[in-house]
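Structural characterization, general
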Amino acid sequence: MDTLAILLPIAFALAMISVFMGLCSYSVLAERKVSSWIQGRVGPNRTRLPLIGHIPILGNLLTGLGIFQPAADGLKFLFKEEITPGHVNKFYYYLAPIVALAPALTTMVVLPFGRYVDPNGVVQPLVLANIEIGMLFILGISSLGVYGIVLAGWSSNSKYPFLGAIRSSAQMISYELAMGLAILPVFMWSAAPGSEHGMSLFGVIEAQETVWLALWQPLSALIFLVAVFAETNRLPFDMAESETDLVGGFHTEYGCFKFGLFFVAEYAHVIMGSALFVCLFLGGWNFLPGLANPWGDGLFGTVLSVVWFMSKVFFMIFFFIWVRWTLPRFRYDQVMSLGWKILLPLAIANLVFNTLLIALIDTINA
Amino acid sequence: MIDILFYVFAATVLISAFVMVISPNAVNGAMAMIVSFVGTAALFVLLEAYFLAILQVLVYAGAVMVLFLFIIMLLDVNQGEPSYLKDKMTLGASIIGFGLVVVLVCSAFLGGNHLPEPNLLPVVENPTGEGVGIPFTTSIKSFGYSLFTKYMLPFQVAGFLLLAAMIGVIVVSKKEEEHS
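Small disclaimer: the values here were computed from a predicted structure and weren't measured.

Scanning chain A for helices and strands turns up 14 helices and two strands. Compactness check: chain A gives a C-alpha radius of gyration of 22 Å against a globular reference of 21 Å for 366 residues, within 12% of the reference. The long-range share in chain A, meaning contacts at least 24 apart out of those at least 6 apart in sequence, stands at 76%.

In terms of regular secondary structure, chain B is built from six helices and zero strands. Expressed as a percentage of the 180 residues in chain B, the buried residues total 15%. For chain B, long-range pairs separated by at least 24 residues make up 43% of all intrachain contacts whose partners lie at least 6 apart in sequence.

Our next topic: the domain arrangement of chain A. All names here are of chain A. The domains assigned to chain A are domain 1 (1-79) and domain 2 (81-365). Computed from C-alpha coordinates alone, the two centres of domain 1 and domain 2 are separated by 23 Å. Listed by partner, the interface residues are 16 residues for domain 1 and 16 residues for domain 2. For the side of domain 1 that touches domain 2, the elements supplying multiple residues, two or more each, are helix H1 (3-38) and helix H3 (69-79). Partitioning the side of domain 1 that touches domain 2 into residue classes produces 13 nonpolar, two polar and one charged.

For the rest of this paragraph, the subject is unusual backbone geometry. All names here are of chain A. The phi torsion at Asn157 lies on the positive side, around 55°, for a residue other than glycine. With respect to the helices and strands, the residue Asn157 is situated in the loop between helix H6 (146-155) and helix H7 (159-190). Residue class for Asn157 comes out partly exposed when judged on the 16 C-beta atoms lying within 10 Å of it.

Opposite the 18 residues of chain A that make contact, chain B presents 17 residues. Secondary-structure elements contributing two or more residues to the side of chain A that touches chain B are helix H5 (134-142), H6 and H7 of chain A. Top contributing element to the side of chain A that touches chain B by residue count: H5 of chain A, with five residues. Class assignment of the residues belonging to the side of chain A that touches chain B gives a composition of 13 nonpolar, four polar and one charged.

On to the nonpolar core. Residue and element names in this part refer to chain A. Phe224, Ala227, Phe277 and Leu280 are the most contacted members of the largest nonpolar core, which has 117 residues in total. Sorting elements by how many residues they give to this core places helix H12 (residues 256-281) first, with 17 residues. With sequence-adjacent residues up to four places away left out, Leu280 is seen in contact with Ile183, Val186, Val204, Leu213 and Phe224.

This paragraph deals with helix H4 (residues 90-106) of chain A. Residue and element names in this part refer to chain A. Across its 17 residues, H4 extends 25 Å between first and last C-alpha, which sits within 8% of the 24 Å expected from 1.5 Å per residue. Of all bends in H4, the biggest is about 30°, found at Ala96, and the proline Pro97 comes one to four residues later. Of the surrounding secondary structure, the elements contacted by the buried residues of H4 are H5, H6 and H12.

Attention shifts here to the confidence of the model for chain B. Regions with low pLDDT carry predicted coordinates that are not meant to be interpreted in detail. Residues and elements named next belong to chain B. Of the residues in chain B, 78% reach a pLDDT of 70 or more, and the chain-wide mean stands at 81. Model confidence for chain B, summarised as mean pLDDT per element, is weakest for helix H5 (residues 140-148) at 77 and strongest for helix H6 (residues 152-173) at 91. ipTM for the predicted complex: 0.80, alongside a pTM of 0.85.

As a further point, take the environment of Val88 of chain A. Residue and element names in this part refer to chain A. You can see Val88 is positioned in the loop between H3 and H4. Judged by local crowding, Val88 falls into the buried class, with 20 C-beta atoms found within 10 Å. Through-space distance from the C-alpha of Val88 to that of Ser158 is 8.3 Å; in sequence the pair is 70 residues apart. Once you skip the residues sitting within four places of it in the chain, Val88 turns out to touch Tyr93, Ser155, Ser156, Asn157 and Glu253.

Note that Gly121 of chain A resides in the loop between strand S1 (115-117) and strand S2 (123-125). The spatial distance from the C-alpha of Gly121 of chain A to the C-alpha of Asp297 of chain A is 8.6 Å, given a sequence separation of 176 residues.

Two numbers describe how H5 of chain A lies on helix H3 (residues 50-75) of chain B: the axes approach to 8 Å, and their chain directions differ by 30°. The orientation of H5 of chain A relative to H3 of chain B falls into the category roughly parallel. For the element pair H5 of chain A and H3 of chain B, the recorded crossing hand is left-handed. Residues Leu136, Phe137, Leu139, Gly140 and Ile141 of chain A of H5 of chain A form the contact with H3 of chain B, whose participating residues are Ile54, Val57, Leu58 and Gly62 of chain B. By residue class, the composition of the contact of H5 of chain A with H3 of chain B is seven nonpolar, two polar and no charged.

On the secondary structure map, Glu176 of chain B appears in the segment after H6. Judged by the 5 C-beta atoms lying within 10 Å of it, Glu176 of chain B falls in the exposed class.

Residues and elements named next belong to chain A. Taken N-terminus to C-terminus, the directions of H7 and helix H10 (residues 218-231) make an angle of 150°; their axes are 8 Å apart at the nearest point. Compared by their axis directions, H7 and H10 come out roughly antiparallel. You can see that H7 and H10 cross each other, and the crossing is left-handed. Across the interface between the two elements, Gln171, Met172, Tyr175, Ala178, Met179, Ala182, Ile183, Pro185 and Val186 from H7 touch Ser220, Ile223, Phe224, Ala227, Ala230 and Glu231 from H10. In terms of residue class, the contact of H7 with H10 is made up of 12 nonpolar, two polar and one charged.

Thresholds, definitions, all that
Numbers given to residues run from 1 along each chain, matching the order in which its sequence is written. Written order determines the labels here, with chains lettered from A and ligands numbered from 1. Per-residue local features are limited, in this predicted model, to residues with pLDDT of at least 70; the limit for side-chain atom pairs, both in listing and counting, is 80 or more; totals at the level of whole chains, interfaces and linings are taken over all residues. What counts as a helix is a DSSP run of H or I of at least four residues, what counts as a strand is a run of E of at least two, and both are numbered from the N terminus. The globule rule used here is 2.2 Å times the number of residues to the 0.38 power, and the radius of gyration it is set against is calculated over C-alpha atoms. Contacts are defined on C-beta atoms placed from the backbone: any two residues whose C-beta positions lie within 7 Å are in contact. Whether a residue is buried, exposed or partly exposed is read from the other C-beta atoms within 10 Å of its own C-beta, which are placed from the backbone; 20 or more gives buried, 12 or fewer gives exposed, and intermediate counts give partly exposed. The source of the domain bounds is an automatic or database domain assignment. Asp, Glu, Lys and Arg are counted as charged, while Ala, Val, Leu, Ile, Met, Phe, Trp, Tyr, Cys and Pro are counted as nonpolar; the rest, among them Gly, fall into the polar class. In this description, a nonpolar core means buried residues of the types Ala, Val, Leu, Ile, Met, Phe, Trp, Tyr and Cys, linked to one another by C-beta atoms lying within 7 Å. Multiplying 1.5 Å by the helix residue count minus one yields the expected span of that helix. Throughout, the bend at a residue refers to the angle made by two axes, fitted to the seven residues ending there and to the seven starting there. Every residue gets a pLDDT, meaning the predictor's confidence in that residue, from 0 to 100. Lines fitted to C-alpha atoms define the axes, with helix axes restricted to the stretch in contact, and inter-axis angles between N-to-C directions lie between 0 and 180 degrees. The cut-offs work like this: below 35 degrees is roughly parallel, past 145 is roughly antiparallel, 65 to 115 is roughly perpendicular, and the gaps in between are oblique. Note on convention: near helix rotated counterclockwise from far helix by under a right angle means a left-handed crossing. Clockwise means right-handed.

Structure, rendered in structure tokens:
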């Protein structure tokens, strides 16, 4: 077998993981900076790297922005003393952080983040694997992420983590339903008969060349956004780790690097959720609604499409942080009733309405 | 390459299924069952049935098993029930069952026998009316068309059965209101 054909995908995958992990650490920094900005504080501004930090003006500027802070955070997690409490179930205690992080990193395999035009003039996505069932793949793999939380809570053998795990698994099961039902109308519109793309994310983005689905399907977008917040366990849905009543939630008994893995997994979920929302509802790398893409077919156009996609993702990450530091937390029963009594019926009604609309259009056209 | 992967995943499925059956600890059993489901999904991928594979993960590993784990943890069924193997009835039943499987496999594969190979016919007529029918493939389109045309009745009946089960659960679990 051709060695290059094996090595190249591995190299791409490693590159993507590096970029993704870099994004994770810098979204932690973004969270700290945005929260301090919202609360009228300064945020991290002291960490200084020896050489770069001492360049006259630039060094002070970068230090003030906290650019070197993620390195300090990561090293702190690595060099702290590893403490394993005596009352835990060792095997599952060590397994849980891995199970939490792995699905979040696996889903990015099917995430398209840019486009290029191949020598035959066909537009192709920049993606590790452009499979027909990309969206289902993401839903399936991310539904495995709940095991990390459940196992962490159970293996800790302690009441607060356990309560956090139970809450979070109930919440994730509830919101997965609304999430899946909210996505269906998107694919009913984007994968019209004769479309070759099936449920791949590339097909959805291509279908949004003229109008973004957030404008065409605002209800789906809203339900999906709320469900993503619930699935990533972010405030106002952070039932799993609500500090005021559960100490630290499912990771109370975790310290140093194992806690770091949970932390990174949360931000990986946030980034994936943002990227998914951009793909499904904000037109991916397409320019603005109603305007043709201004970039050309060459390498430069490819780079611009990636940059435009990434800036949308950054905006969504900022939106996640913004909501976290603005809204108060729901009560647990409010979360459940919002999921089952409001979002689920709304999603079903939205699906039925769109089905009828498509049937009506088909009947008129036929 | 694919052969090696098949053996790896098949061994994973069998070993984890076995661990699931004999494990005295309910959480260990549930985790082994999840591994077994994911391994089955990997076998589907090797058969290029990506849709089935992802449904296996999404429905069984991702949803059903979360509920199982949830119940196990809430009821805390770890104590008691040391091992099922001590029960003579269970042991006898599993030996007889295993013997039947051995007979089945032997009669199917020994002496040049092999499983009947189905003819892959077009499953349904093409709804656009062009050309021949939709061929039997593993793509979602093929599943969708056949589910909503040829297999519509079984599909609906299955849905009805699930509805009946759901109503049954509601009836059983709902407590009678006290008349004051």
